[in-house]
Amino acid sequence: VTGVQTCALPIFPMVLPISQETFDDAVNSNIEDFGMEPEEAVKDAIEQFEKEGMNLSLVIKAYRPGGKDQDPVILALEKLESDPADLAICEETLPLIASELNKGEQQREVFSRHEGINTLVVALNNCKAKNLSLAEITLRAMGNAMKQCRFSRNQLREVGIEAAVSVWNILPLNLSLNSLTLHGMVMYVAKHAMVKDENNRQDFLNHSLLEMIQAALTICASGNSSPPESDMDVEAWDAAKSRLFVYSCDVIRLLSLNDDERAPLGKAHERMKEMGDSDILQILMQCVAETAGRCDAASQPQSQSAEAALGALARIICAEEIAIRALDGGLMRSIETLLRNSDNLHGASYLRLALATLRSLCASDTCRNAASTTGMVGSLIAALAQGIDQEDWKRVDAACAACAAISQRNPTVATYLVEGGILPHLKPALQGMLEHTTEGSQGRHASATLCRNLVVRSPEHVEAVLQSGVEGPLRVMMADPYDDGHAKGALRDLGCQIELKEEWTGSKGGLAYA
């Protein structure tokens, strides 16, 4: 056909997956035909298949003398499939399946190819009315099967979600060890089922997930510091209570994501606003406030719960009205206390989560103004300096992002930061981000944005910021093709010479690219 323009499309090489049996045959051939040792035979098989462009992500890359017939998880699954209603078979196979699936991604991929989730759902429906201990083990196996395994998450479907949620309603939620453990496993299943899967998120929400989360957080934050039964193992009770709280917070964070490419129009923002308007916000802030009030004596489970609460709060605070509600509830004071006493708390991520929550708060102009009067500036500078000294670049990233947020459109805070001593830390932070992060990382954007916010509405700080040596690292950062103008904007506001590329010519209705 004349007059039709055609274009050549790029041809991408097809990556072919291989079966477990093919891989096992290659390993056995290396051992029998070439006299290799098992480790050498596995290594050689991997190298040969990779040279041929084969995909090995779905196989167990290890020597299996009996192949499929001797694979523990498959043998246990086949035995369970024979009669999932037999409690004796369930008692024998379910603990083994749960243990094997927790060992690694390869075992989970093999399990998913045999559609093992369907068998576990049938077993769960049989066990929940007869033996709650087996139901708890089945839920753990389901969660382990879906951990980092999209195939198993896809196989869960609404029937599996309904079976998991039904267990929640069988045993009343209270502070007994059995109740905390069983309900914790339901949240564990929800947590792994919703990773990058919007359909599973919607299905769980349709089964009253938000009410379940609020009930779990309420019972865990009830203030009881000892188990209701005197003969109960206190350590196990604390751990079960903490797990239920942490898993519930993990579910909140997953609900805040729109990361499923199959469902580009998610409803994460609406979900977060709904939780921000509920009692969930107040319960999470109470947990953080209680830990802040006893920073010098916070135990590990309490610290884990407060870490999870901070991570959830950083997601829930997604609108001005929610941020103001959190500010009125004292969250800013709690964060400032945590920043001052971070060394006394367990967990390396504690400070980063507190900084991330502060960043979410300071998206509100009202909260930014409040932060400038609470002594927060000094704590932020100390957090940035500590991260640089300890070469904790995730902490440096979080501190830069928090400082950038608190100084945005706020020349008063920018002055406080400069006078508080942030200038000597700017160049090391920029250099650290360049050396320890990849192109396009948010860490690079945050450190460049911080430099820009210090001067964009406070031109009197330009000379001092330039003298700190930031121009060189910013120019290197500007060469990052994923910079999106962060470093270039900082250099421009600092008065440095930069070349602007003309992308709009105004002619022929198109763009002109160099």
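Residues numbered from 1 in each chain as written. Predicted model: local features only at pLDDT ≥ 70, side-chain atom pairs only at ≥ 80, totals over all residues. Heavy atoms only, no water.

Quick look at the overall build of the chain
Worth spelling out the cut-off: Secondary structure counts use DSSP, requiring at least four H or I residues in a row for a helix and at least two E residues in a row for a strand, with both numbered from the N terminus. Burial classes follow relative accessibility: with a 1.4 Å probe on protein chains only, a residue under 20% of its type's maximum area counts as buried, one over 50% as exposed, and anything between as partly exposed. The contact criterion used throughout is that any non-hydrogen atoms of two residues lie within 4.5 Å. Only the protein chains shown count as cover for residues, with accessible areas throughout obtained via the Shrake-Rupley method and a probe of 1.4 Å.
On a plain count of helices and strands, the chain comes out with 27 helices and two strands. In the chain, which comprises 514 residues, the proportion classed as buried is 50%. In the chain, the proportion of contacts linking residues at least 24 apart, taken out of those at least 6 apart, comes to 72%. Of the accessible surface of the chain, which amounts to about 24300 Å², a share of 50% is contributed by carbon and sulfur atoms.

Examining helix 27 (residues 486–493)
The set of residues buried in helix 27 consists of Ala487, Gly489, Ala490 and Leu491. After helix 27 finishes, the residue glycine 495 shows a positive phi value of roughly 80°.

Some points on the nonpolar core
Nonpolar side chains tend toward joint burial in soluble globular proteins. Our working rule: As used here, the term nonpolar core means buried Ala, Val, Leu, Ile, Met, Phe, Trp, Tyr and Cys residues forming a set that is joined through side-chain atoms within 4.5 Å.
Core analysis: the largest hydrophobic core is formed by 153 residues, its most contacted members being Leu139, Phe204, Ile213, Leu284, Ile422 and Leu454. Contact partners of leucine 284, with chain neighbours within four places excluded, come to Leu217, Phe245, Cys249, Ile252, Ala309, Ala312, Leu313 and Ile316. Phe23, Val27, Ala41 and Ala45 belong to the second-largest nonpolar core, a separate cluster that totals 12 residues.

Brief notes about the pattern of salt bridges
Heads up, the rule is: One speaks of a salt bridge when a side-chain nitrogen belonging to Lys or Arg is within 4 Å of a carboxyl oxygen belonging to Asp or Glu.
For the structure shown, the criterion picks out 20 salt bridges. One salt bridge connects aspartate 250 with arginine 253, and the closest N-O pair in it is separated by 2.7 Å. One end of the pair, aspartate 250, and the other, arginine 253, are both in helix 12 (residues 234–255), three residues apart, so they sit about a helical turn from each other. Between glutamate 471 and arginine 475 there is a salt bridge whose closest N-O contact spans 3.1 Å.

Some remarks on the environment of lysine 394
As for its position among the elements, lysine 394 is in helix 21 (residues 393–407). As for lysine 394 and serine 349, which are separated by 45 residues in sequence, their C-alpha atoms are 8.9 Å apart.

Looking at the packing of aromatic side chains
For clarity, the cut-off: Pairing of aromatic side chains here covers Phe, Tyr and the six-membered ring of Trp, requires ring centres within 6.5 Å, and sorts the geometry by plane angle: under 30 degrees stacked, over 60 edge-to-face, intermediate tilted.
Overall, the coordinates contain two aromatic pairs when judged by the stated rule. Consider the rings of tyrosine 188 and tyrosine 247, whose centres lie 5.3 Å apart with planes at 45°: the pair is tilted. Note that tyrosine 188 is positioned in helix 9 (residues 177–193) and tyrosine 247 in helix 12, a separation of 59 residues in sequence.

Side note on the packing of helix 26 (residues 471–478) against helix 27
What counts, and what does not: The convention used is that axes are lines fitted to C-alpha atoms, helices contributing only their stretch in contact, and that angles between N-to-C directions extend from 0 to 180 degrees. The crossing is said to be left-handed when, going from far helix to near helix, the turn is anticlockwise and less than a right angle, and right-handed when the turn is clockwise.
Packing of helix 26 against helix 27 leaves a shortest axis separation of 8 Å and a crossing angle of 145°. In terms of crossing hand, the pair formed by helix 26 and helix 27 is left-handed. The segment helix 26 lies against helix 27, with Glu471, Leu474, Arg475, Met477 and Met478 engaging Ala487, Lys488, Ala490 and Leu491.

Some details on the environment of alanine 306
As for its placement among the helices and strands, alanine 306 is situated in helix 15 (residues 300–316). A relative accessible area of 0% places alanine 306 in the buried class. Along the primary structure alanine 306 and threonine 291 are separated by 15 residues, whereas in three dimensions their C-alpha atoms are 6.6 Å apart. With near-sequence residues (within four places) excluded, alanine 306 lies in contact with Cys287, Val288, Thr291 and Tyr350.

Considering helix 2 (residues 38–51)
Think of an α-helix as 3.6 residues a turn; residues three or four steps apart then line up on the same face. Where we set the bar: Given the number of residues in a helix, its expected span is that number minus one, multiplied by 1.5 Å.
Spanning 14 residues, helix 2 covers 20 Å between terminal C-alpha atoms, matching the ideal 20 Å at 1.5 Å per step. What helix 2 keeps buried is the set Ala41, Val42, Asp44, Ala45, Ile46 and Phe49. Packed against the buried residues of helix 2 are helix 1 (20–34) and strand 2 (54–55). Backbone geometry just downstream of helix 2 places glycine 53 in the positive-phi region, at approximately 80°.

A look at the confidence of the model for the chain
Under the convention used in this document: Think of pLDDT as the predictor's per-residue confidence, scored from 0 to 100.
Summarising the model, the chain shows a mean pLDDT of 86, and 89% of its residues fall at 70 or more. Per-residue pLDDT, averaged within each element of the chain, yields its smallest value for strand 1 (residues 16–17) (68) and its largest for helix 25 (residues 462–467) (96). The model gives residues 1–14 a pLDDT under 50, and that stretch makes one contact with residues more than four places away or in other chains.

Digging into unusual backbone geometry
We note that glutamine 148 has phi near 55°; this positive angle belongs to a residue other than glycine. Mapped onto the elements, glutamine 148 comes out in the loop between helix 7 (132–146) and helix 8 (150–170). Even without being glycine, glutamate 391 reaches a positive phi, approximately 55°. In this structure glutamate 391 comes out as exposed when scored by relative accessible area, which is 56%.

A word on the side chain of serine 248
Within the fold, serine 248 resides in helix 12. According to the relative accessible area criterion, serine 248 is buried, its value standing at 0%. Setting aside anything within four residues of it in sequence, one finds serine 248 in contact with Met187, Ile213, Ala216 and Leu217.

Observations concerning the state of the cysteines
As a reminder of what qualifies: Note that a disulfide, as used here, is simply two cysteine sulfur atoms within 2.5 Å.
As enumerated under the stated definition, the model contains zero disulfides in all. Here cysteine 90 stays unpaired: no disulfide links it, and the sulfur of cysteine 127, its closest cysteine neighbor, is 3.9 Å away. Here cysteine 287 is not cross-linked by a disulfide; its sulfur's nearest cysteine counterpart is in cysteine 249, at 7.2 Å.

Section: the packing of helix 3 (residues 72–82) against helix 6 (residues 116–127)
Spelled out, the test is: Note on angle classes: values under 35 degrees are labelled roughly parallel, values over 145 roughly antiparallel, values of 65 to 115 roughly perpendicular, and the remainder oblique. Amino acid classes used here: Ala, Val, Leu, Ile, Met, Phe, Trp, Tyr, Cys and Pro are nonpolar; Asp, Glu, Lys and Arg are charged; the rest, including Gly, are polar.
Interaxial distance between helix 3 and helix 6 falls to 10 Å at its minimum, and their mutual angle equals 45°. What the angle tells us is that helix 3 and helix 6 run oblique. Between helix 3 and helix 6 the crossing geometry is left-handed. Residues Leu77, Leu80 and Glu81 of helix 3 lie in contact with helix 6, whose contacting residues are Gly116, Thr119, Leu120 and Ala123. Here the contact of helix 3 with helix 6 is built from residues that sort into four nonpolar, two polar and one charged.

Topic: the environment of glycine 160
Position of glycine 160 relative to the elements: it lies in helix 8. Put simply, glycine 160 and valine 189 are 29 residues apart on the chain and 10.0 Å apart in space, counted from C-alpha to C-alpha. Aside from chain neighbours lying at most four places away, what touches glycine 160 is Val121 and Met142.

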